Structure formats: structure tokens, C-alpha cells
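Working through the structure, step by step
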Amino acid sequence: QAHLVESGGGLVQAGGSLTLSCTASERTFDIDNLIMGWFRRAPGKEREFVAAIGRSGWAVYADSVQERFTISRDNAKNTFLQMNSLKPEDTAIYYCAGGHGTGGVRALHDYMYWGQGTQVTVSS
């Protein structure tokens, strides 16, 4: 049962920008009280942490995307990942995730809810 739905992926040239969106698949899903995260899985690699945002708006980022990506959320149950200065190594399937924040925010097991993913391809 998918609780989260991502959109906004696509093909972009290196140096370009994309904005990914994530929303709840059901209106009754209480996304407001979750810590929201973005992860990605590049071809041949494990799924890795990208960014997370808390209920109050604090944010943390992976070193590889710091200063280039910005995570945000609005009052309409949406979470966004603004990606600037994209590089070919950013090519991956990007996943939105939601967790209750009982532990950390950088590991897969910190999140209970996942989307199906959206493909981002950066050409050189």
C-alpha cells in the first residue's frame, strides 16, 4: 500500500535544475506529523540518504548534495526537493519517505512510509 507519491522527475542536462514533489496518496494519511526524507538509488548502488526535513522545518543533507539541493514542505501535505547544479552522478531513482522520528533521519530503517520513486537522469 503506497502512502506517498513522487512526481517531477525527468531528463535534464548537467548544470540544470529539477524540482521533485511528494504528496500523500490518501487524504487521511497524516503526513503533517512525519519527518520527511528523500533518498535515491543510482544504477548498481544501494539506496542512499539525500535530505530530510522535520515538522518544524529543520533540514539536513548528505554531503554530496549540500549547497545544491533544498528540501522544503508546505501546509498542503507536500514535500519538495529543489535540485540545482545537477551532475551526471545525481542520476538515480529518487524516493520520498516518511518517518516518525523516533531515531535518526539518515537510515532507511528510520522511515516507515515510501513512495514508488521517480527517475532523474542528468546528461553530460
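See the structure above.
This text gives an overview of the structure that appears in the document. (Residues numbered from 1 in each chain as written. Predicted model: local features only at pLDDT ≥ 70, side-chain atom pairs only at ≥ 80, totals over all residues. Heavy atoms only, no water.)

Structural notes on the overall build of the chain
Helix and strand content of the chain: zero helices and eleven strands. Going residue by residue from the N terminus, the α and β elements of the chain occur as β-β-β-β-β-β-β-β-β-β-β. Relative to the globule expectation of 14 Å for 124 residues, the C-alpha radius of gyration of the chain, 13 Å, shows essentially globular dimensions. Principal-axis analysis of the C-alpha atoms gives the chain an extent of 40 × 25 × 25 Å. By element, 47% of the accessible surface of the chain is carried by carbon and sulfur atoms, the whole surface being about 6,400 Å². Distance from the positive charge centre (11 side chains) to the negative charge centre (12 side chains) of the chain: 1 Å. (Helix = DSSP H or I, 4+ residues; strand = E, 2+ residues; numbered from the N terminus. Rg over C-alpha atoms; globule rule 2.2 N^0.38 Å. Areas by Shrake-Rupley, 256 points an atom, 1.4 Å probe, with all protein chains shown as cover. Lys, Arg positive; Asp, Glu negative; His and termini not counted. Charge placed at Lys NZ, Arg CZ, Asp CG, Glu CD.)

With respect to the packing of aromatic side chains
Within the structure shown, the criterion is met by four aromatic pairs. The interplanar angle of 75 degrees and the centroid separation of 5.7 Å between the aromatic rings of Phe-39 and Phe-49 together place this pair among those described as edge-to-face. Of this pair, Phe-39 sits in strand 4 (residues 35-41) while Phe-49 sits in strand 5 (residues 47-53), and the two are ten residues apart along the sequence. Here Phe-39 falls in the buried class, since its relative accessible area comes to 1%. With a centroid separation of 5.2 Å and an interplanar angle of 80 degrees, the aromatic rings of Phe-39 and Tyr-111 are classed as edge-to-face. Remark: Tyr-111 occurs in the loop between strand 9 (92-99) and strand 10 (113-114) and Phe-39 occurs in strand 4; sequence separation between them is 72 residues. Given the relative accessible area of 6%, Tyr-111 is considered buried. In this structure, Arg-47 packs its charged tip against the face of Tyr-95, placed 3.7 Å from the ring centre. The positively charged end of Arg-47 is found above the aromatic ring belonging to Trp-114, 4.9 Å away from the centroid. (Phe/Tyr/Trp six-rings, centres within 6.5 Å; stacked < 30°, edge-to-face > 60°. Buried < 20%, exposed > 50% of the residue type's maximum accessible area, 1.4 Å probe, protein only. Lys NZ or Arg CZ within 6 Å of the ring centre and 35° of its normal.)

Here's the deal with the sheet that holds strand 7 (residues 69-73)
Overall, antiparallel pairing links the four strands, which are arranged 1-3-8-7 in an open sheet. Two strands lie at the open edges of the sheet, namely strand 1 (4-7) and strand 7, each paired on one side alone. This sheet shows a mean twist of 15 degrees between the axes of neighbouring strands, independent of strand direction. Sheet topology places strand 7 next to strand 8 (residues 78-83); five bridges connect them, and they run antiparallel. Across the sheet, the residue bridging to Ser-72 is Phe-80, located in strand 8. (Pairing = 2+ DSSP bridges. Axes fitted to C-alpha atoms, helices over the stretch in contact; angles between N-to-C directions.)

What about the nonpolar core?
Counting 36 residues, the largest nonpolar core has Trp-38, Leu-81, Met-83 and Tyr-94 as its most contacted members. Those elements that provide at least two residues to this core are strand 3 (18-24), strand 4, strand 5, strand 7, strand 8, strand 9 and strand 11 (118-123). The greatest single-element share of this core, amounting to five residues, is contributed by strand 5. Residues in contact with Leu-81, not counting those within four places in the same chain, are Leu-18, Thr-19, Leu-20, Trp-38, Val-50, Ala-51, Phe-69, Thr-70, Ile-71 and Tyr-94. (Core = buried A, V, L, I, M, F, W, Y, C linked by side-chain atoms within 4.5 Å. Contact = heavy atoms within 4.5 Å.)

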